[in-house]
Amino acid sequence: MAGLLVYVHHDDGELSPQGLGLLARAAELGGEVTAFVAGSGIDDGWAGSLGGHGAARVLVADDAALGGGLSQPIVDALAPAAGEADAVLFGAGVVSADVAAGLAARLGAGIACETTDIAMADGGLVATRPALDDTVMVESGFSGGPGIVLARANAFPVREDASGTAPVERVSVTVEEWSRAASLTGREEAESGGVDITEADILVSVGRGMGGPENVPLVEALAKALGGEVAATRAVVDAGWVPYSMQVGQTGKTVSPKLYIACGVSGAIQHKVGMAGAGTIIAINKDQNAPIFEFADVGVVGDALAILPKLTELLAARG
Amino acid sequence: MNIAVCVKEVPSATSQRRLDPGTKRLDRSGDSEPNPFDVHALEEAIQIRERGADVGEIVAVCMGPESAQRVLTKALALGADRAVLVTDAALAGSDIAGTAYVLAAAVGKQDADLVLLGQQAADADCYVMAAAVADHLRRPLVTQVAELRLDGGTVKAKRQAEHGYDLIEAPLPAVVSVSDAINTPRLPSIKAIMGAKRKPLETVSAADLGLDTGRVGGDGARSVVRTISPPPPKAEGLKIEDSGGDSAEKVVAFLSEKGLI
């Protein structure tokens, strides 16, 4: 099976937009694209709907061992088909990245990470990524077997019109004993209720540079004065300053408000991919070398703890 | 129980990073440091011991040029008991697949029940090494772990995923990558820095590990850089130097001018 194989991850049947977007981009390259989904109790109609996102056909790996939400059994299921493909493509995501990496080891295949575009050149797939804090673009090709491409978060948009279906074919699955040794024993879901930051026109975000949770009220006050909401980086969410529902970035939410004020946010790629689509970005950071100044519309080099109260006061005075 | 921690040498955060236009590889001639994410992995190994687990030894394993000895010396100062540097001219230019093959072979010889890595390398921003090493070793994997506990022979981990947090358990021996949220690494004491020089630091070659050199180095790389180019140009932002909060008025003026308030 030559051609491109796109692994589309899903979480209990909810297809990842990262995988769907990459599938759409792969289909634009002109060849026949095969989608691959893995899980337990997969419905043919659901799998066939990937045709609307660009798949010419869909391979389904269906086995009880594939329903556990972990990567290693999926590597086992995917490896036979992957070995015959020209390239295997993965959208961004925690499990997808683990599957891609495990597969690269299994096949001894080259892997390109953080990919923001793909193309065909000299008869093979090439992948382009920004590197070194997005200061340089690197284009890579593959040799000696299938190439593996892992996309950057939000690099490829999902088709707006996704009508259509593709034929579904079920593959045989053999899962290794060691691959099923780890188990997902539980989940702490993001809190529902509260505010949906993806809907907000104005966001004020808190990063580790704000010092500690005791300073979060400064961010809340500014957000209130602007009529906006509070967002956050992964680091401060993992540190427990604010709940996960406020997190923007690779494993958090993707936002595109009119105004995004980043306070003490360094602007690591993992955060940038979630908010680079904001209309206007204002960054306040003590570190003048922080990557966020590379893509902010206004960069304020200074102490957010001193600036925020004054900003809030001035805005409140305007009424 | 023994713990192996994989440590990568990366350009230091303060150095000017660039790709060498000739080799198309990262220029590693400047200052280097242990990958900060790997330092969190090493710190976690030390904390596992401090929390009372019966940890026989903590070994730091690095693949890199001779200069990477400095990074391993830092790992020893931070608390590793011994260190292994895999260094060989045949390994220069290895891609991710090649590096994973080498690291797996090296840690596989350390009699480690738990292999720890940082979730990503600060120079490449890829999240792939742990899963690739685990596949080579045929061991269970947990990645991007923000909380880790050992309960007898079981790893209990919490990691952030797209929908919230996953709770994952895996029996030892296992491979675990950690996020930078998992702990706050300590700074080594002067005594520890001096003591590091007396701890064993072993150097091994590709032949020592019995590696197939066709799978490593620039010639064995299956991912090949074709071109390096500047990023698309973008508009230069406005930069304001603040002093004691005096930038607030300028920011308000900007917001007003843009019609955002």
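Up top is the structure.
Residues numbered from 1 in each chain as written. Chains lettered and ligands numbered in written order. Predicted model: local features only at pLDDT ≥ 70, side-chain atom pairs only at ≥ 80, totals over all residues. Heavy atoms only, no water.

Points about the overall build of chain B
Check the secondary structure of chain B and you find seven helices and 13 strands. The dimensions of chain B, computed from C-alpha atoms along their principal axes, are 65 × 45 × 40 Å. Looking at chain B as a whole, 53% of its 261 residues are labelled buried. Taking all contacts inside chain B whose residues are at least 6 apart in sequence as the whole, residues at least 24 apart take part in 70%. A total of about 11400 Å² of accessible surface is found on chain B, and carbon and sulfur atoms cover 51% of it. (Helix = DSSP H or I, 4+ residues; strand = E, 2+ residues; numbered from the N terminus. Buried < 20%, exposed > 50% of the residue type's maximum accessible area, 1.4 Å probe, protein only. Contact = heavy atoms within 4.5 Å. Areas by Shrake-Rupley, 256 points an atom, 1.4 Å probe, with all protein chains shown as cover.)

What to know about the side chain of Q144(B)
Mapped onto the secondary structure, Q144(B) falls in strand β7 (residues 141–151). If sequence neighbours within four positions are ignored, Q144(B) has contacts with V94(A), Q119(B), Y127(B), K158(B), R159(B), Q160(B), S177(B) and S179(B).

So, the nonpolar core
Membership of the largest hydrophobic core comes to 67 residues, with the highest contact counts inside it found for L5(A), F36(A), L78(A), F90(A) and I148(A). Among the elements that line this core, the one with the most residues is helix α4 (residues 94–107) of chain A, at eight residues. Once residues within four sequence positions are removed from consideration, I148(A) is found in contact with V88(A), F90(A), A100(A), L103(A), A104(A), A109(A), G110(A), I111(A), A112(A) and F142(A). Core analysis: the second largest hydrophobic core is formed by 39 residues, L42(B), L78(B), V176(B) and V178(B) among them. (Core = buried A, V, L, I, M, F, W, Y, C linked by side-chain atoms within 4.5 Å.)

Some details on the side chain of S140(A)
If you trace the backbone, S140(A) turns up in strand β10 (residues 136–142). Leave out the neighbours within four places in its chain, and S140(A) touches L125(A), V126(A), A127(A), S223(B), V224(B), V225(B) and R226(B).

Regarding helix α4 (residues 129–137) of chain B
In terms of residue burial, α4(B) counts as a mostly covered element, since eight of its nine residues are buried. Buried residues of α4(B): M129(B), A130(B), A131(B), A132(B), V133(B), A134(B), D135(B) and L137(B), and no others. The inward-facing, buried residues of α4(B) abut α3 (72–84) and α4 of chain A together with α3 (96–108), β6 (114–118), β7 and β10 (174–178) of chain B. After α4(B) finishes, the residue R138(B) shows a positive phi value of roughly 55°.

With respect to the packing of α3(B) against α4(B)
All names here are of chain B. Closest axis-to-axis distance for the α3/α4 pair is 8 Å, and the angle between their directions is 55°. Between α3 and α4, the angle falls in the class oblique. Like other packed secondary-structure pairs, α3 and α4 cross with a definite hand, here right-handed. For the pair α3 and α4, contact is made by I96, A97, T99, A100, Y101, L103, A104, V107 and G108 and by M129, A132, V133, H136 and L137, respectively. (Axes fitted to C-alpha atoms, helices over the stretch in contact; angles between N-to-C directions. Parallel < 35°, antiparallel > 145°, perpendicular 65-115°, else oblique. Left-handed = near helix turned anticlockwise from the far one by under 90°.)

Considering the interface of chain A and chain B
The interface is formed by 86 residues belonging to chain A together with 76 residues belonging to chain B. Here chain A and chain B share an interface that buries about 6800 Å² over both sides, 54% of which is from carbon and sulfur atoms. Across the contact surface, chain A and chain B share 10 salt bridges. As a salt-bridge pair, E176(A) and R138(B) come within 3.1 Å of each other at their nearest N and O atoms. Summed over the shared surface of chain A and chain B, the result is 40 residue pairs in polar contact (both at pLDDT 80 or more). At nine residues, α4(A) tops the list of elements feeding residues into the side of chain A that touches chain B. Pairing of strand β13 (residues 183–189) of chain A with strand β9 (residues 164–171) of chain B involves six bridges; the strand directions are antiparallel. When the sheet's bridge partners are listed, S183(A) is paired in β9(B) with E169(B). (Buried area = accessible area lost by both parts, 1.4 Å probe. Salt bridge = Lys/Arg side-chain N within 4 Å of Asp/Glu carboxyl O. Polar contact = N/O pair within 3.5 Å; in protein donor to acceptor, adjacent residues only side chain to side chain. Pairing = 2+ DSSP bridges.)

Here's the deal with the packing of aromatic side chains
Each aromatic ring pair is characterised by the separation of its centres together with the angle its planes make. Scanning the model with the defined rule gives two aromatic pairs over all chains in all. For the ring pair Y7(A) and F90(A), a centre distance of 5.5 Å and an interplane angle of 40° mean the geometry is tilted. Taken as a pair, Y7(A) in strand β1 (residues 4–7) and F90(A) in strand β6 (residues 87–90) lie far apart in primary sequence, 83 residues in all. The residues Y7(A) and F90(A) share a single accessibility class, namely buried. Positioned over the ring face of F295(A) is K272(A), at 4.7 Å from the centre of the ring. In this structure, K158(B) is placed above the aromatic ring of Y165(B), and the distance from its NZ or CZ to the ring centre is 4.7 Å. (Phe/Tyr/Trp six-rings, centres within 6.5 Å; stacked < 30°, edge-to-face > 60°. Lys NZ or Arg CZ within 6 Å of the ring centre and 35° of its normal.)

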